[in-house]
Amino acid sequence: MGSRRINRRPPGAGLVALTAWPAEAASVDLAAAVCPQAPPGMETFANQVTGWVKWGVLALIGISAVASLGSILVGRIFSHPHASRYGAMGVAVVVMVAIIYTVILVILDSITGSGCT
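Since we're looking at a predicted model, the values are computed, not measured.

### Here's the deal with the overall build of the protein chain
And step 1. Summing up its helical and strand segments, the protein chain has three helices and zero strands in all.
And step 2. Listing the helices and strands of the protein chain from first to last along the sequence gives α-α-α.
And step 3. With 117 residues in all, the protein chain has 9% of them scored as buried.
And step 4. Here the analysis covers contacts within the protein chain between residues at least 6 apart in sequence; of these, 52% occur between residues at least 24 apart.

Listed below in structure tokens is the structure:
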């Protein structure tokens, strides 16, 4: 049999880490109390760009949904199963993207919104 190593800590090693914990917790609480704010004069520009991005993504989701449903319809009318299959996959992807879009908006609002959490 090979030799086995046993990791042994010196006596009292755990107490040093335990005594430093409340100070570390206080610094974390202090950092959590700081609210993120845009620099002065930047809020209007940031809101405008965020609004453009939100409406742009929403328009792309709508266009993609219509194109996917159109692909399903064309595939059914002209007996083209690949078009129908790709359209169905497109609808599934659009639904997933819409869910991710709403989750990302909630995350961004919780980070940059008014007030602290």
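### Here's the deal with unusual backbone geometry
And step 1. Not every positive phi belongs to a glycine, and Ser79 is a case in point at roughly 50 degrees.
And step 2. Counting through the fold element by element, Ser79 comes out in the loop between helix 2 (43-77) and helix 3 (81-112).

### Some remarks on the side chain of Ser68
And step 1. Relative to the assigned elements, Ser68 resides in helix 2.
And step 2. Here Ser68 is in contact with Gly87, Gly90, Val91 and Val94, once residues within four sequence places are set aside.

### Digging into helix 3
And step 1. Helix length check: helix 3 (32 residues) gives 46 Å between terminal C-alpha atoms against 46 Å at 1.5 Å per residue, within 8%.
And step 2. Within helix 3, the full set of buried residues consists of Ala83, Ser84, Gly87, Gly90, Val94 and Tyr101.

### Quick notes on the side chain of Ser84
And step 1. Checked against the element boundaries, Ser84 lands in helix 3.
And step 2. Within the local environment of Ser84, its side chain forms a polar contact with the backbone nitrogen of Arg76, the two atoms lying 3.4 Å apart.
And step 3. The contact partners of Ser84, leaving out residues within four places of it in the chain, are Ser71, Ile72, Gly75 and Arg76.

Quick notes on the rules
- Residues numbered from 1 in each chain as written.
- Predicted model: local features only at pLDDT ≥ 70, side-chain atom pairs only at ≥ 80, totals over all residues.
- Heavy atoms only, no water.
- Helix = DSSP H or I, 4+ residues; strand = E, 2+ residues; numbered from the N terminus.
- Buried < 20%, exposed > 50% of the residue type's maximum accessible area, 1.4 Å probe, protein only.
- Contact = heavy atoms within 4.5 Å.
- Expected span 1.5 Å × (residues − 1).
- Polar contact = N/O pair within 3.5 Å; in protein donor to acceptor, adjacent residues only side chain to side chain.

Structural measurements only, silent on function.
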